[in-house]
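Observations on the model geometry
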Amino acid sequence: MKDFAFDFDSKACADCGGKCCTGESGYIFASIKELEEIADFLKIPFEDFLLRYVKKVGYRFSLIEQKMGTEYACIFFDTQNKNCSIYDVRPKQCRDFPFWKAYLDPQNLPQLFKECKGVKRRDDLE
Ligand code: SF4
């Protein structure tokens, strides 16, 4: 991930409490194939799954959110255990975090460094 100004250690995820799955309201985009995989994983008919857990955003699809105190969490964030309840089939957007296009922009980095303790500035590592 040489284009990014940071490295990421996923070991930090174990006790972070799911900061990338919670917070301000946002979108958790998923492809049709990913949505089908999640529905299969949950053993829910695809049509029912779409009605219950998915919203259309323009021409794309996002998982819906749940309220969590004053914030929001992905509908599949397990608020008791503080982890993803569909981890093995989570969408690419989730698997790619924190290597999102938005974080190529230095302006967005302070917030990322604040929120994700697995992220370390490259220049701190050298
Ligand atoms: S699908 Fe899982 S990893 Fe992705 S935002 Fe939802 S709870 Fe987090």
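Just above, that's the structure.
All of the points below concern the structure found in this document. (Residues numbered from 1 in each chain as written. Predicted model: local features only at pLDDT ≥ 70, side-chain atom pairs only at ≥ 80, totals over all residues. Heavy atoms only, no water.)

We now examine the sheet that holds strand E5 (residues 60-63). Strand order in this open sheet of three strands is E3-E5-E4, and the pairing throughout is antiparallel. Pairing within the sheet leaves two strands with one partner each, and these edge strands are strand E3 (28-29) and strand E4 (54-57). Here E3 pairs with E5 via two bridges, running antiparallel. Paired with isoleucine 28 across the two strands is leucine 63, which belongs to E5. In the packing of helix H1 (residues 32-42) onto the sheet, the strands contacted are E3, E4 and E5, and the crossing angle to E5 comes to about 35°. (Pairing = 2+ DSSP bridges. Helix = DSSP H or I, 4+ residues; strand = E, 2+ residues; numbered from the N terminus. Contact = heavy atoms within 4.5 Å. Axes fitted to C-alpha atoms, helices over the stretch in contact; angles between N-to-C directions.)

To continue, consider the packing of aromatic side chains. Under the counting rule described, the total for this entry stands at twelve aromatic pairs. Ring centres 5.1 Å apart and planes at 70° place the aromatic pair phenylalanine 4 and phenylalanine 99 in the edge-to-face group. You can see phenylalanine 4 sitting in the segment before strand E1 (6-8) and its partner phenylalanine 99 sitting in the loop between helix H3 (92-96) and helix H4 (109-115), a full 95 residues away along the chain. Of the two residues examined, phenylalanine 4 and phenylalanine 99, each falls in the buried class. (Phe/Tyr/Trp six-rings, centres within 6.5 Å; stacked < 30°, edge-to-face > 60°. Buried < 20%, exposed > 50% of the residue type's maximum accessible area, 1.4 Å probe, protein only.)

This part is about the sheet that holds strand E7 (residues 71-74). Sheets are built from strands paired through backbone hydrogen bonds, the pairs being either parallel or antiparallel. Strand order in the open sheet formed by three strands is E2-E7-E6, and the pairing between neighbours is antiparallel. Both edges of this open sheet fall to strand E2 (22-23) and strand E6 (65-68), since each of them pairs with a single strand only. Where E6 meets E7, four bridges bridge the pair, whose relative direction is antiparallel. In the strand pairing of E7, glutamate 65 is matched with cysteine 74.

In this section: H1. By the burial criterion, the buried members of H1 are Glu34, Leu35, Ile38 and Ala39. The arc that holds the buried residues of H1, viewed along the axis, is 140°, so those residues lie on one side. Looking at H1, the residues exposed on the side facing more than 90 degrees away from the buried face are Lys33 and Asp40. Where H1 is buried, its residues meet E3, helix H2 (46-53), E4, E5 and H3. With its phi angle positive at about 60°, lysine 43 sits one or two positions after the end of H1. (Arc of directions from axis to C-beta.)

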